[in-house]
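# Chain and residue survey
For reference, the chains in residue letters:
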2 protein chains.
Amino acid sequence: MATQQQFAELASQLRGTLAVVREMARAMPPDCPPASAGVLSAISRNGEIRMSRLAELLDIDMSVTSRHVAHLAERGWIERAPDPLDRRSRLLRLTALGDLALRTAQDHVAEVLAERLSDWPDEDVERFTDLLDRLRTGFCEPRPLPRTNT
Amino acid sequence: MATQQQFAELASQLRGTLAVVREMARAMPPDCPPASAGVLSAISRNGEIRMSRLAELLDIDMSVTSRHVAHLAERGWIERAPDPLDRRSRLLRLTALGDLALRTAQDHVAEVLAERLSDWPDEDVERFTDLLDRLRTGFCEPRPLPRTNT
DNA sequence: TATTGTTATACTCTATAACTATA
DNA sequence: TATAGTTATAGAGTATAACAATA
């Protein structure tokens, strides 16, 4: 396992990454802020989905998810259909307009990244994406209880 | 260069990393929120520093930096000395208390990372830290003007 | 009684603009 | 006139708590 020092450095770099995410956010269309793009992306990847599951995927509170979803629905980017199996619930799915908005947003950020990271070799981009994915997965997955030292 | 698709995926993973940073933030002491830790860390790395330079390093507006710095000064974690060369300016430096606060905060987040990433090999942590550093550097450094197609 | 989703309220972090005091 | 820093105000994103409808 890495040393305490190494983890501290990693943590610091992760905090520093917020500046990059902020920079990417500036490239987004005004009516599709990063949080909206994240919700669209999650729905697109998963297909029809419930609010509660969506909140779980995004790792944010359902109250927050609800507000983002309302924003998207106002723009006609998603549909909220009643769930025939549970009338408390709603099933969300992307509309054609929503799919277009998502693609547009993705194109914008990809362009910004391509411009700034033009000198990165392919494999570094791949490896980086993979590490980020593993980080998120390792964090958001439920963890076994920490072992006590008995 | 990587494809548009690869960059889009990278962007998505970077957005997803926000969830991890939020999770780490929950492990911070209540009077040392992540933003404060970031400022302490930057001052610690650079030694005595001016406000304007600090804002540049953190890539946030000076008005925001000013508020964070005021927060730290109230707690006795930094000192603000007048700059003998320019009386408009102030020189910031960590106090012993501030150094302690920083170390405490670093220990907390490192512990969280160590717990969640216990199965990561050393080299992955190193490589990941390096990639994050290169990303931030590639983004926050001034860029040459994009070439027009003439 | 518990759960799904919504709304009201508050907190953190950031940006823009107006201000002051020096340069 | 321009620059360093501060403060006031606004906006995006999140969390907690109270609520309505349904299970």
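This text follows the structure it describes.
Structure report, in brief. Note that this is a predicted model, so its numbers are computed, not measured.

Cut-offs used in this document
- Residues numbered from 1 in each chain as written.
- Chains lettered and ligands numbered in written order.
- Predicted model: local features only at pLDDT ≥ 70, side-chain atom pairs only at ≥ 80, totals over all residues.
- Heavy atoms only, no water.
- Near = heavy atom within 4 Å.
- Polar contact = N/O pair within 3.5 Å; in protein donor to acceptor, adjacent residues only side chain to side chain.
- Helix = DSSP H or I, 4+ residues; strand = E, 2+ residues; numbered from the N terminus.
- Nonpolar A, V, L, I, M, F, W, Y, C, P; charged D, E, K, R; others polar.
- Pairing = 2+ DSSP bridges.
- Contact = heavy atoms within 4.5 Å.
- Axes fitted to C-alpha atoms, helices over the stretch in contact; angles between N-to-C directions.
- Phe/Tyr/Trp six-rings, centres within 6.5 Å; stacked < 30°, edge-to-face > 60°.
- Buried < 20%, exposed > 50% of the residue type's maximum accessible area, 1.4 Å probe, protein only.
- Lys NZ or Arg CZ within 6 Å of the ring centre and 35° of its normal.
- Salt bridge = Lys/Arg side-chain N within 4 Å of Asp/Glu carboxyl O.

Turning to the protein's contact with DNA strand D, a few remarks are in order. Around DNA strand D, the structure places 24 residues, and the nearest of them are S63 of chain A together with S52, S66, R88 and S89 of chain B. Each atom of DNA strand D within 4 Å of the protein belongs either to a base or to sugar and phosphate, the latter forming 63%. Measuring from a phosphate oxygen of DNA strand D, one finds a side-chain N or O atom of R22 of chain B at 3.2 Å. Of all the elements in the fold, those that place two or more residues in the surface near DNA strand D are helix 2 (34-46) and helix 4 (62-74) of chain A together with helix 1 (4-26), helix 3 (51-58) and helix 4 (62-74) of chain B. Take the surface near DNA strand D: its biggest share by element is four residues, from helix 4 of chain A. Each residue belonging to the surface near DNA strand D can be placed in one class, and the counts come to seven nonpolar, six polar and 11 charged.

The next thing to look at is the sheet that holds strand 3 (residues 90-94) of chain A. Residues and elements named next belong to chain A. Reading across from one edge, 1-3-2 is the order of the three strands in this open sheet, with antiparallel pairing throughout. Across the chains shown, the open sheet's two edge strands, defined by having one partner strand only, are strand 1 (49-50) and strand 2 (78-82). Sheet strands touched by helix 2: strand 1, strand 2 and strand 3. Its angle to strand 3, the strand with the most contacts, is close to 95 degrees.

Describing an aromatic ring pair means giving the distance of the ring centres and the angle of the ring planes. The tally for this structure, following the rule as stated, stands at three aromatic pairs over all chains. Seen in terms of ring centroids, F128 of chain A and F128 of chain B are 6.3 Å apart; in terms of plane orientation they differ by 65 degrees. Their pairing is edge-to-face. Here the residue F128 of chain A occupies a position in helix 6 (residues 122-140), and F128 of chain B occupies one in helix 6 (residues 122-140), the pair thus bridging two chains. Look at F128 of chain A and you get buried, because its relative accessible area is 0%. Considering the side-chain rings of W120 of chain B and F128 of chain B, the 5.8 Å spacing of their centres and the 35 degrees angle between planes classify their relative orientation as tilted. Given a relative accessible area of 5%, W120 of chain B falls into the buried group. Put simply, the rings of W120 and F128 of chain A together with W120 and F128 of chain B touch in pairs and so form one group of aromatic residues. Sitting over the ring of F139 of chain B, R116 of chain A keeps its end group 4.9 Å from the ring centre. Just above the ring of W120 of chain B sits the side chain of R134 of chain A; from NZ or CZ to the centre is 4.5 Å.

So, on to the pattern of salt bridges. In total, this model carries 28 salt bridges over all chains according to the counting rule given. E74 of chain A is paired through a salt bridge with R75 of chain A; the nearest N and O atoms lie 3.8 Å apart. A relative accessible area of 67% places E74 of chain A in the exposed class. A salt bridge links E48 of chain B to R93 of chain B; the shortest N-O distance between them is 2.4 Å.

Right, let's get into the protein's contact with DNA strand C. Taken together, 24 residues lie near DNA strand C, and R26, S66, R88 and S89 of chain A together with S63 of chain B sit nearest. Of everything in DNA strand C that lies within 4 Å of the protein, sugar and phosphate atoms constitute 64%. S66 of chain A has a polar side-chain atom sitting 2.8 Å from a phosphate oxygen of DNA strand C. One nitrogen or oxygen atom from the side chain of R88 of chain A is found 2.6 Å from a base oxygen belonging to DNA strand C.

What follows covers the pairing of strand 3 of chain A. Of the strand pairs in this sheet, strand 1 of chain A and strand 3 of chain A are connected by two bridges, and their pairing is antiparallel. Counted as the bridge partner of R50 of chain A is L91 of chain A from strand 3 of chain A.

So, about the interface of chain A and chain B. Across the boundary between the two partners, chain A contributes 60 residues, which contact 60 residues of chain B. For E9 of chain B, the salt bridge is made with R45 of chain A, and the minimal N-O distance between the two is 3.5 Å. Connecting chain A to chain B are 21 residue pairs in polar contact (both at pLDDT 80 or more). Of all elements in the fold, only helix 1 (4-26), helix 2, helix 5 (96-116) and helix 6 of chain A reach the threshold of two or more residues within the side of chain A that touches chain B. The greatest single-element share of the side of chain A that touches chain B, amounting to 20 residues, is contributed by helix 1 of chain A. A breakdown of the residues in the side of chain A that touches chain B according to their chemical character gives 31 nonpolar, 12 polar and 17 charged.

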